[in-house]
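Architecture at a glance
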Amino acid sequence: DERSIDDLIPNIYRKTKDDTRLWGKTTHHGASWVSHMSRPYRVSEGLQGRHLAVTPSHGLFYKNEEQRWKWQRPALYCTHEDLLSQSFVVPFLTPMLENAGAVVFSARERDRQPHNIIIDNDNGVQDSGLYIEEGRRKVKWDSGDIGFAIPHEALLMGDNPFVRGTSRMMHTATNDKESEGAVLWIPRVPEDGDYAVYVSYQTYPTSIPDAEYLVVHAGGTTRLRVNQQMGGGTWVYLGTYTFKAGHHDSQMVVLTNSSAHTGIVSADAVRFGGGSAIINRGSADSISLSHMPRYYEGARYQGQWSGFPVERYANYQGEKDYAEDINCRSLMTNYLLGGSVYCPDSVGLRVPIELFLGLHTDAGIREDDTTVGCLGIYTTDYNNRRLGNGTLSRYVSRDLTDVVQTSVVTDVNRMALRTDSTGRLSHRGMWDRNYSESRLPDVPSTIIELLSHQNFADMRYAHDPHFKFIASRAIYKGLLRYTAEMHGASKYTVQPLPVHAFAIQWMDETKVRLSWRATKDNSEASAQPNGYVLYTRVDEGGWDNGQLVNTTACELTLQPNHMYSFKVTAINRGGESFPSEVLAAHVAANSKGRVLVVNGFQRVDGPAVVNTTELAGFD
């Protein structure tokens with residue numbers, strides 16, 4: 001690009017920094033969009049306070065010319081790219097980033113739960129559950145601005161469920177019991193399971209940064225704070241929790257007006273579960289739904305369901321769903337971050353998203369039995385080579401691409417997984433090209449083409465869940481290093497690896513000893529635990545919020561005739577590891593002996609690999 005090769009070195013590797021590729025003093029200092037207050041640990045050297053857009057590629061879409069729904073990528077080697085990229089982002093990468101303290105936005109639905117329970121203030125008697133307002137003598141809930149309303153039919157092009165109804169509002173109570181109020185959303189759950197919980201509200205000039213939500217679930221009560229000064233008029237993810245079938249007053253979401261600030265708290269709808277198709281790409285008389293869980297659909301339809309303006313998810317006026325789906329991932333991100341410290345002159349919801357990463361699996365093809373590898377894509381020749389806020393050089397996206405891609409290739413090859421004939425993941429290099437997801441975001445952005453779903457050697461990686469973990473952890477580590485450098489952080493800590501050798505030993509008739517060992521991360525010196533969290537589940541309930549344990553063992557007394565399940569995570573200043581295996585213990589009131597039940601299977605594996613002189617593929 002007619003630049004000195006020195007200019008292409010990312011800031012993270014420089015002694016003399018390029019200030020045009022650093023945020024510098026530009027940073028979000030306020031409360032995060034969502035803060036988990038029930039965690040028994042605090043992240044201080046991770047991604048706390050960072051808001052990231054990380055989204056998987058493609059998904060089901062409506063092909064306008066053929067008037068039918070189809071996958072954006074073909075079925076190859078036991079999957080579609082539409083699903084393969086999700087299998088990295090949703091169960092691996094996103095939890096790693098959130099365990100490090102980040103708030104993560106995905107343009108596609110993250111919850112596989114096909115049920116969808118919505119409770120809204122605009123509906124009186126609701127089949128989905130109860131909406132209840134409570135207020136003390138001095139206060140009551142008042143009508144707010146426009147808000148969400150439950151659709152009674154499939155949504156047509158341009159329909160926005162977040163302007164069909166109303167919302168509610170109340171002044172905060174600051175140390176005044178007579179001014180306290182709350183809203184309760186009590187769902188009628190169709191069947192036992194895990195459900196993502198989403199809330200909605202409106203943002204006002206006097207909105208508060210610490211709206212208190214309580215999620216009462218099968219494992220207990222989890223307390224969260226939501227910064228309602230941003231993100232009004234869309235779904236806001238509060239976590240995934242276990243709920244039992246039926247209508248119970250022990251399962252609900254509660255919003256209080258307690259706050260350390262004087263202002264307004266807003267209430268609207270609450271959604272339990274990802275749900276299924278609701279976007280009609282036909283007409284009122286000729287309905288065309290995908291008839292699939294929303295998790296499978298492309299971002300274009302999630303954008304409409306989430307209340308984004310029509311030009312953000314359908315910039316071709318609904319005539320080119322394929323192109324709209326590609327563009328909307330960036331345009332939705334820009335709308336969220338508009339008005340924030342990273343793009344103050346744009347219109348949007350003021351969420352301080354500071355980077356965009358799109359994960360794809362289309363790095364090319366090879367004619368031999370070796371990997372295509374990992375390709376990174378960024379764009380510099382756009383908008384006068386500046387990002388949307390005008391302060392950063394677009395080469396900051398090249399830095400992001402380089403750091404993440406190098407992290408992936410280095411970590412995977414260090415782990416020496418058995419893959420192709422060379423046993424190594426190829427480093428494809430980087431493209432400075434005009435791609436939507438690397439061009440349109442107003443913040444540093446990259447497309448990571450991780451492997452190739454068209455290439456057999458790559459898919460031997462892709463179907464291996466151990467590879468999914470290692471590659472996702474490498475991406476997380478790259479993003480951690482990159483954001484630390486962008487903000488001039490002198491130190492960062494990588495979250496630990498999961499513990500191993502988890503065991504239960506009976507000490508007497510009712511007391512057990514739980515023990516485990518830390519796992520050393522030979523590739524990352526900082527990733528050593530300084531504590532652990534023990535999670536408990538009783539009988540058929542859900543997991544509690546965990547208790548902090550400072551050593552690698554603890555003793556507990558169990559109540560007879562209850563099944564106790566346990567799992568352990570490791571923690572440090574950088575965040576929390578993935579959990580251990582689950583172990584369980586039970587003692588009968590009149591026990592006459594002990595039984596050991598051993599799970600002799602490693603329950604995580606990919607399909608069998610077939611690779612002979614005549615056949616290659618997966619069984």
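Keep in mind it's a predicted model, so treat the numbers as computed, not measured.

Structural notes on the overall build of the protein
When helices and strands are counted, the protein shows 9 helices and 32 strands. By principal-axis analysis of the C-alpha atoms, the protein measures approximately 70 × 65 × 55 Å. Expressed as a percentage of the 619 residues in the protein, the buried residues total 57%. Long-range pairs, those at least 24 residues apart, make up 74% of the contacts in the protein between residues at least 6 apart in sequence. Summed over all atoms, the accessible surface of the protein reaches about 26,200 Å², with 48% contributed by carbon and sulfur. If the 62 positive side-chain charges of the protein are averaged to one point and the 71 negative ones to another, these points end up 5 Å apart.

Notes on the pattern of salt bridges
Counted according to the given criterion, the structure contains 30 salt bridges. The salt bridge involving Asp-321 is made with Arg-300; its shortest N-O contact spans 3.6 Å. With Asp-321 in helix H5 (residues 321–337) and Arg-300 in helix H3 (residues 299–305), the pair connects residues that are 21 residues apart, well separated along the chain. Here Asp-321 matches Arg-300 in class, with each residue buried.

Notes on helix H9 (residues 465–486)
Taking 1.5 Å per residue as the helical rise, H9 with its 22 residues ought to reach 32 Å, and the 31 Å between its terminal C-alpha atoms agrees with that figure. By the criterion of burial, H9 is predominantly enclosed, with 21 of the 22 residues buried. Looking one or two residues beyond H9, the residue adopting positive phi is Gly-488, at roughly 70 degrees.

Side note on the packing of aromatic side chains
In this structure the tally under the stated criterion is 27 aromatic pairs. Note on Phe-148 and Trp-305: the rings are 5.9 Å apart at their centroids and 80 degrees apart in plane angle, and the pair reads as edge-to-face. Pair noted here: Phe-148 is in the loop between strand E8 (142–147) and strand E9 (165–171) and Trp-305 is in helix H3, with a separation of 157 residues, a long-range link. As far as burial versus exposure is concerned, Phe-148 and Trp-305 are alike and both buried. For the pair Phe-308 and Tyr-335, a centre-to-centre distance of 5.8 Å together with 65 degrees between the ring planes defines the contact as edge-to-face. With Phe-308 in the loop between H3 and helix H4 (310–313) and Tyr-335 in helix H5, the pair connects residues that are 27 residues apart, well separated along the chain. Across this residue pair, the class does not change: Phe-308 and Tyr-335 are buried. Connected via pairs of aromatic rings, a cluster forms that spans Phe-148, Phe-162, Trp-235 and Trp-305. Stacked on the ring of Tyr-198, the Lys or Arg Arg-271 has its end atom at 4.0 Å from the ring centre.

Here we look at the sheet that holds strand E17 (residues 264–267)
Pairing is antiparallel across the open sheet formed by 3 strands, whose spatial order is E8-E9-E17. Single-partner strands in this sheet number two, and they are E8 and E17. Neighbour to neighbour, the strand axes of the sheet diverge by 35 degrees on average, direction disregarded. As paired strands, E8 and E9 are joined by 4 bridges and run antiparallel to one another. What sits directly across from Ile-146, in E9, is Thr-166.

Things to note about the packing of helix H6 (residues 395–415) against H9
Each packed pair of helices is defined by two parameters, the angle between the axes and the distance between the axes. At their nearest, the axes of H6 and H9 sit 8 Å apart, and the two run at 145 degrees to each other. Along this stretch, H6 crosses H9, giving a crossing that reads as right-handed. Residue-level inspection shows Val-396, Asp-399, Leu-400, Val-403, Val-404, Ser-407, Val-408, Asp-411, Val-412 and Met-415 of H6 in contact with H9, the latter providing Phe-467, Ile-470, Ala-471, Ala-474, Ile-475, Lys-477, Gly-478, Leu-479, Arg-481, Tyr-482 and Met-486. Considering only residue class, the contact of H6 with H9 consists of 15 nonpolar, 2 polar and 4 charged.

With respect to the sheet that holds strand E27 (residues 553–557)
Read from one edge of the open sheet, 3 strands run E23-E24-E27, paired in antiparallel fashion. Across the chains shown, the open sheet's two edge strands, defined by having one partner strand only, are strand E23 (500–506) and E27. Between one strand axis and the next, the sheet turns through 20 degrees on average, direction left out of account. By the bridge criterion, 5 bridges tie strand E24 (residues 511–517) to E27 in an arrangement that is antiparallel. The residue of E27 that forms the bridge with Arg-513 is Glu-555.

Notes on the environment of Ile-132
Tracing the backbone shows Ile-132 in strand E7 (residues 129–135). Placed 11 residues apart in sequence, Ile-132 and Asn-121 show a C-alpha to C-alpha distance of 8.4 Å. Leave out the neighbours within four places in its chain, and Ile-132 touches Ala-182, Val-183, Leu-184 and Ile-186.

Things to note about the pairing of strand E11 (residues 193–199)
For E11, a buried count of 6 out of 7 residues is recorded, marking the element as mostly surrounded by other parts of the structure. With 7 bridges joining them, E11 and strand E14 (residues 236–243) adopt antiparallel strand pairing. Bridging across to E14, Asp-194 finds its partner in Thr-242. Relative to strand E18 (residues 270–272), E11 runs antiparallel, the two sharing 3 bridges.

Digging into the environment of Lys-491
By the secondary structure assignment, Lys-491 is in the loop between H9 and E23. C-alpha of Lys-491 to C-alpha of Ser-526: the two residues are 35 residues apart in sequence and 9.9 Å apart in space.

Thoughts on the side chain of Arg-398
Counting through the fold element by element, Arg-398 comes out in helix H6. Excluding residues within four positions of it along the chain, Arg-398 makes contact with Leu-8, Tyr-378 and Met-430.

Side note on the nonpolar core
Leu-97 and Leu-450 are the most contacted members of the largest nonpolar core, which totals 103 residues. Ranked by residues supplied to this core, first place goes to H9 with 11 residues. Grouped together as the second largest cluster of nonpolar side chains are 20 residues, Ile-118, Ala-196, Ile-279 and Tyr-296 included.

Regarding the pairing of strand E19 (residues 353–360)
Summarising burial for E19: 8 of the 8 residues are buried, a large majority. Inspection of the sheet shows strand E2 (residues 51–56) paired to E19 by 6 bridges, in the parallel sense. Each bridged residue has a counterpart across the sheet, and for Leu-52 the counterpart in E19 is Leu-355. Relative to strand E22 (residues 445–450), E19 is paired through 5 bridges, and the arrangement is parallel.

What counts and what doesn't
- Residues numbered from 1 in each chain as written.
- Predicted model: local features only at pLDDT ≥ 70, side-chain atom pairs only at ≥ 80, totals over all residues.
- Heavy atoms only, no water.
- Helix = DSSP H or I, 4+ residues; strand = E, 2+ residues; numbered from the N terminus.
- Buried < 20%, exposed > 50% of the residue type's maximum accessible area, 1.4 Å probe, protein only.
- Contact = heavy atoms within 4.5 Å.
- Areas by Shrake-Rupley, 256 points an atom, 1.4 Å probe, with all protein chains shown as cover.
- Lys, Arg positive; Asp, Glu negative; His and termini not counted.
- Charge placed at Lys NZ, Arg CZ, Asp CG, Glu CD.
- Salt bridge = Lys/Arg side-chain N within 4 Å of Asp/Glu carboxyl O.
- Expected span 1.5 Å × (residues − 1).
- Phe/Tyr/Trp six-rings, centres within 6.5 Å; stacked < 30°, edge-to-face > 60°.
- Lys NZ or Arg CZ within 6 Å of the ring centre and 35° of its normal.
- Pairing = 2+ DSSP bridges.
- Axes fitted to C-alpha atoms, helices over the stretch in contact; angles between N-to-C directions.
- Left-handed = near helix turned anticlockwise from the far one by under 90°.
- Nonpolar A, V, L, I, M, F, W, Y, C, P; charged D, E, K, R; others polar.
- Core = buried A, V, L, I, M, F, W, Y, C linked by side-chain atoms within 4.5 Å.

Bear in mind that shape data such as this cannot, by itself, settle questions of function.
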